[in-house]
Amino acid sequence: MIAADVPAAREALDFNPGWRLHVGDPAGAQETRFDDAGWKPVTLPRAWNEDEAFKKDIKDLSTGIAWYRKTFVLPAGSGGRKVFLEFEGVRQAAEVWINGKLVGGHENGINAFGLDVTEQVRPAPEANVIAVRTDNAWDYRERLSGARYQWSDKNFNANYGGIPKNVRLHVTDRVYQTLPLYSHLGSTGVYVYATDFDVAARVATIHAESEIRNEATAARTFVYRVKVADRDGRTVAEFDGGRYTIAPRESVTARASARVKELNFWSWGYGYLYTVTTSLESEGQVFDSVVTRTGFRKTEFGQGVVKLNDRVIQLKGYAQRTSNEWPALGMSVPPWLSDYSNGLMVESGANLVRWMHIAPWKQDVESCDRVGLMQMLPAGDSERDAQGRQWVQRQEVMRDAIIYNRNNPSVLVYESGNNGISEAHMADMKAIRDRFDPHGGRAIGSRDMLDSHVTEYGGEMLYVNKSARQPMWQTEYSRDEGLRKYWDEFSPPYHKDGEGPPYRDAPAPTYNRNQDTHAIENVVRWYDFWRERPGTGTRVNSGGVNIIFSDTNTHYRGAENYRRSGEVDAMRIAKDGFFAHQVMWDGWVDVETPRAHILGHWNYAAGVTKPVTVVSSAESVELFLNGKSLGRGAQSTRFLFTFPSVAWQPGTLSAVGYDAKGAKICEASHVTAGEPRALKLTIQNGPDGLRADAADVALVQVEVVDAQGRRCPTALNLVDFELSGPAEWRGGIAQGPDNFILSRSLPVECGVNRVLVRSTLQAGKIVLTANAQGLASAKIELDSQAVETTDGWSRNPSAAALAGRLGRGPTPGTTSFKVTRKAVAVAKASALDGGDPALAFDDNEETAWSGKKAVTFELSRVALLSEITLKTAGFRARSYPIRITVDGVEVFRGVTARSLGYVTLPLKPVDGRVVRIEPLAGSEARDAFGGITELVDQKNATTGEQNVGAGALGIIEIEFYEPAEL
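Predicted model, so just to flag it, every value in this text is computed and none were measured.

Counting its secondary structure elements, the protein contains seven helices and 57 strands. Relative to its length of 966 residues, the protein is compact, with a C-alpha radius of gyration of 29 Å against a globular reference of 30 Å. Across its three principal axes, the protein shows a C-alpha extent of roughly 90 × 70 × 55 Å. Scored against the burial criterion, the 966 residues of the protein give a buried share of 63%. When contacts within the protein are restricted to residue pairs at least 6 apart in sequence, those whose partners lie at least 24 apart make up 73%. Split by element, the accessible area of the protein, about 33,400 Å² in all, is 48% carbon and sulfur. Separation between the mean location of the 111 positive side-chain charges and that of the 120 negative ones in the protein comes to 1 Å.

Right, dumping it as structure tokens:
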């Protein structure tokens, strides 16, 4: 919600209840007297094609015209006041009628928009009728220009049509603080921000600014007052901005600020939020008051790193589809379920979510505030830059997204493009940020743009970038897919890893993985970023986001008709990759809490001998089976410990992690479950229980358990569900016909599944029973709670009871990393052929030196070098035989490894200053990582190998290091 307003001065009403829905385009549906009695009653948000979510391929989601209507009565006392409608968004376009009169519409399918309906509504107790015609055609064109919207894309933008987001009704005085809804209202609302931070002392200057309009017939004089209250409602500051006089038809911006002490700064996993009340007071009476829920934090972007509250943080997280959807619901879920899903990202160790291509709805933005998850906020784009009207469209959605979300502390970055844009276009976007959010501490940039002089961050999709200037992080790494149903090749249903249909006429093993190899791939890919983390030199990598967090009803490459790259499935049940990330990501930069996780389970058939892989941040890992040591694992890519041949026997498999001194620091185990005996049901819902509003849902987990209540991890039993009481079945998802969407029978996978049950408008007892052949049944009961609604609106929005989560605690005051090595600067360089060798150390990955003869680097001082790190041209496909000398002494002879960015070469320790690198015969070009065939723009997969001639050495960047402690 953009603001929860004080009813005495202003009404901000939940306008979701009491709608009727019809799919089709009946004549006259906008008219007040139109008979909609046969239409389907619904509570918003509600996509009219929600039944198809995860049932159909994204390309086949139904499109067309759908109407939404309802009758409502304004609150008593609204006569003579201003009345506004706030739509969080429609898909794709909408026209809105009030009492048979067209009051406006919206077409971009992303942003919130507002409509002033003051002149069209009738005062209480008269009834009003609102009718909304929506059109979600994929090829919808803007009416005035005829231009298509670049982001209406069947690849990534799941088309849940109609009104899939929240709607609100605002009633204000004729002199009022505006809403942050630039489209149609042209207003910017309230802006709250902090400056002059003293993080250690917990002090900052809090600022509030409100755009105020006078639509009365006389001038009004008022005092602008601000109150700041903490999460417990305790007032921590009160101040005012002085007296203002505003003439009719005039707008002014009122400002106030004060130094505030004892602040709790918003942080990763610490969703500490304040309420800032901005009020207009005349003759001692408040006549307009807006409450903005926000948080305060300090950010910095520079010297190659990101800082949050003065502490360096390496960005770790997920590139998530903005629809963030669920089976048979699409994106339209209750706020508590948004918190559950986004909170799981934090639980997995993520500190950042990068919403992909289009701005998220306000519900997800506010959810990230509460759970303490930083956000990259796009506006609207596709895979490339735009021109003409389409570029103007992108500027407009960025403007609206910034204004609407600039008070949300979790928004860390504005993303101007899913691919590089021109410097001129980047300057356009930066100017929008500077105009509407100059003090929010948010960087603006675009993917790629490695040598831009305008953007404030950069980074490619797949490959590791480093910088000593603007921070670089990767936006879509680790693109493999794997179904949660498949543990490994030794577990039912015995899926052979990689087996599946071809993709684009090529074998697609990486898109049909089992859980074990999918998790291992996640570890291997993150290692590239961990190795170049802050603390490893002057030029560092600032992190990366894995694509994606939850399986999604968008572009796919594997056997199913939806994408299964998630670390959780569509019902948010964790895969092994979830726990692998917990191990690697439990720290701001370096791991701060040691963990271990054993991939898979320990319920195999007699005679099975299999590899066991442990993911751990310990220095070494020892495996035990029923108390007997099986030795230490072979370590690779820092976090993987492999035990190649372990003979299964029932009991307990344990992994114990040790530090460098041999002390035990972490442990994990799997216990063999017994034979399946029963079903078990567990329910999750919001803090108020299940609300009887026809929009809330209960998430119910079903497990197959043994006699001791332990989950049976290889169970695949079909479960039949019976539902009674005032509830609607929405079901779950599993591999099978139509993905079992809306089916009342569906199987568990790996011993577990989940289903959704939606409330109705009737409160009462709901009973859910689960049955499976040969297993004891399970039953669960819950009571849905009545929700008070009045005349088509409510003063009890479902998000009101949700509090910020403080699980990770405030930002620590200690350093987040240990310096592992020190960079030695280059004074000058020379080469016997090729171009300018200074291009090899210019901190610009868009330039490179290439030559067939030796290149020499003179360091700024004598140093005992221990390593050289370099990024070679064609790093993914080319390996180069080279010889390295320091002051004439050979310190390395070998072949550079292929990589997804940088490789580090260990050197024989020799004091010296002149480093000579000599290419040897026989460089090899061969892709070491397999094809990445799903990319829309294949240029995202190139690494410059085409620019290096046969026998030549190409160096994009080179760095020289000595040990941190000599």
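Of all 12 residues in strand β15 (residues 203–214), 12 are buried, a share of seventy percent or more. Burial of β15 is two-sided: the residues Val203, Thr205, His207, Glu209, Glu211 and Arg213 facing one way and the residues Ala204, Ile206, Ala208, Ser210, Ile212 and Asn214 facing the other way are all buried. Where strand β13 (residues 175–177) lies against β15, three bridges are found, and the strand directions are antiparallel. Bridge pairing links Val175 to Asn214 in β15. Looking at chain direction, strand β14 (residues 190–198) and β15 are connected through seven bridges and run antiparallel. By the bridge assignment for β15, Tyr193 is matched with His207. Counting the residues in the hairpin turn of β14 and β15 gives four residues, including Arg202, whose phi is positive at 65°.

With numbering aligned to this structure, UniProt lists the feature "domain: Glycoside hydrolase family" (unreviewed entry) at residues 688–781. Between the end C-alpha atoms of residues 688–781 there is a gap of 16 Å, over a span that is 0% helix and 54% strand.

Structurally, Thr235 can be placed in strand β17 (residues 235–246). Looking at Thr235, the relative accessible area reads 36%, which means it is partly exposed. Put simply, Thr235 and Asn324 are 89 residues apart on the chain and 36 Å apart in space, counted from C-alpha to C-alpha. Residue contacts for Thr235: discarding those within four places in its chain leaves Lys227, Val228 and Ala229.

As a further point, take the domain arrangement of the protein. The accessible area lost on association of the parts is a frequent measure of interface size. Domain boundaries in the protein define domain 1 (11–177), domain 2 (190–294), domain 3 (309–484 + 514–548 + 563–595), domain 4 (676–786) and domain 5 (821–963). The gap between the C-alpha centroids of domain 1 and domain 5 is 57 Å.

Spatial strand order, β28-β27-β26-β25-β24-β30-β29: seven strands in an open sheet with parallel pairing. If you trace the sheet from one side to the other, it starts and ends with β28 (443–445) and β29 (474–477), each paired once. Taking the axes of each pair of neighbouring strands and ignoring which way they run, one obtains an average angle of 25° across the sheet. Bridging between β29 and strand β30 (residues 543–547) involves two bridges; their strand directions are parallel. Bridging from a neighbouring strand, Gln474 pairs with Gly544 of β30.

A pair can form between side chains of opposite charge whenever their charged atoms are brought close. Across all of its chains, the model carries 74 salt bridges by this definition. For the salt bridge of Glu11 with Arg795, the shortest nitrogen-to-oxygen distance reads 2.4 Å. Highlighted residues: Glu11 in strand β1 (residues 11–14) and Arg795 in the loop between β47 (775–786) and β48 (821–824), separated in sequence by 784 residues. The buried category is assigned to Glu11, whose relative accessible area is 11%.

To continue, consider unusual backbone geometry. Here the residue pair Leu44 and Pro45 is connected by a cis peptide bond, since its omega of -5° sits within 30 degrees of zero. In this model, Asp310 sits at a positive phi of 70°, which is unusual for a non-glycine residue. The topology assignment puts Asp310 in the loop between β22 (305–308) and β23 (311–313). Unlike most non-glycine residues, Ala694 shows phi in positive territory, near 65°. With respect to the secondary-structure elements, Ala694 resides in the loop between β40 (690–692) and β41 (697–705). Residue Ala694 is classed as buried on the basis of its relative accessible area, which comes to 13%.

Turning to the pairing of strand β45 (residues 752–759), a few remarks are in order. Within β45, eight of the eight residues are buried, which leaves the element mostly enclosed by the surrounding structure. Alternating positions in β45 separate into two faces, Val752, Arg754, Leu756 and Arg758 on one and Asn753, Val755, Val757 and Ser759 on the other, with burial throughout. Note that β41 and β45 share seven bridges and pair antiparallel. By the bridge assignment, Leu699 is partnered in β45 with Leu756. In the sheet, strand β43 (residues 727–731) pairs with β45 via four bridges, with the strands oriented antiparallel. Each residue of the ladder has a partner; that of Ala727, found in β45, is Ser759.

All right, on to the packing of helix α4 (residues 388–405) against helix α5 (residues 423–436) then. The geometry of α4 relative to α5 is characterised by a closest axis approach of 10 Å and an angle of 25° between their N-to-C directions. Looking at the two axes, α4 sits roughly parallel to α5. As α4 packs across α5, the resulting crossing turns out to be right-handed. Counting all contacts with α4, which are made through Trp391, Arg394, Gln395, Met398, Arg399, Ile402 and Ile403, the residues of α5 involved are His425, Asp428, Met429, Ile432, Arg433 and Phe436. Grouping the amino acids of the contact of α4 with α5 by side-chain chemistry returns seven nonpolar, two polar and four charged.

To continue, consider the packing of helix α2 (residues 335–347) against helix α3 (residues 362–371). Axis separation between α2 and α3 bottoms out at 9 Å; the angle between their running directions is 55°. As the angle between them shows, α2 and α3 are arranged oblique. Crossing angle aside, the handedness with which α2 passes α3 is right-handed. On α3, the residues touching Pro335, Ser338, Asp339, Asn342, Gly343 and Val346 of α2 are Gln363, Asp364, Ser367, Cys368, Arg370 and Val371. Looking at the contact of α2 with α3 residue by residue, the class counts come to four nonpolar, five polar and three charged.

Residue placement: Glu622 occurs in strand β33 (residues 620–625). A polar contact is formed between the side chain of Glu622 and the side chain of Ser629, at a distance of 2.5 Å. Ignoring any residue separated from it by four or fewer positions in sequence, one finds Glu622 in contact with Ser629, Gly631, Arg632, Phe643, Ser654, Ala655, Val656 and Tyr658.

Okay, the nonpolar core next. The biggest cluster of nonpolar side chains holds 81 residues, and the ones touching the most others in it are Trp326 and Leu337. Formed by 33 residues, the second largest nonpolar core is a distinct cluster that contains Ala204, Ala237, Ile246 and Tyr274.

Looking at the protein, pLDDT values average 95 and 96% of them are 70 or higher. Low pLDDT, under 50, characterises residues 1–8; the stretch is placed with 25 contacts to residues that sit more than four places away or in other chains.

Each value, and the rule that gives it
Residues numbered from 1 in each chain as written. Predicted model: local features only at pLDDT ≥ 70, side-chain atom pairs only at ≥ 80, totals over all residues. Heavy atoms only, no water. Helix = DSSP H or I, 4+ residues; strand = E, 2+ residues; numbered from the N terminus. Rg over C-alpha atoms; globule rule 2.2 N^0.38 Å. Buried < 20%, exposed > 50% of the residue type's maximum accessible area, 1.4 Å probe, protein only. Contact = heavy atoms within 4.5 Å. Areas by Shrake-Rupley, 256 points an atom, 1.4 Å probe, with all protein chains shown as cover. Lys, Arg positive; Asp, Glu negative; His and termini not counted. Charge placed at Lys NZ, Arg CZ, Asp CG, Glu CD. Pairing = 2+ DSSP bridges. UniProt positions renumbered as here; feature names shortened; annotations may be inferred. Domains from an automatic or database assignment. Axes fitted to C-alpha atoms, helices over the stretch in contact; angles between N-to-C directions. Salt bridge = Lys/Arg side-chain N within 4 Å of Asp/Glu carboxyl O. Parallel < 35°, antiparallel > 145°, perpendicular 65-115°, else oblique. Left-handed = near helix turned anticlockwise from the far one by under 90°. Nonpolar A, V, L, I, M, F, W, Y, C, P; charged D, E, K, R; others polar. Polar contact = N/O pair within 3.5 Å; in protein donor to acceptor, adjacent residues only side chain to side chain. Core = buried A, V, L, I, M, F, W, Y, C linked by side-chain atoms within 4.5 Å. pLDDT = per-residue confidence, 0-100.

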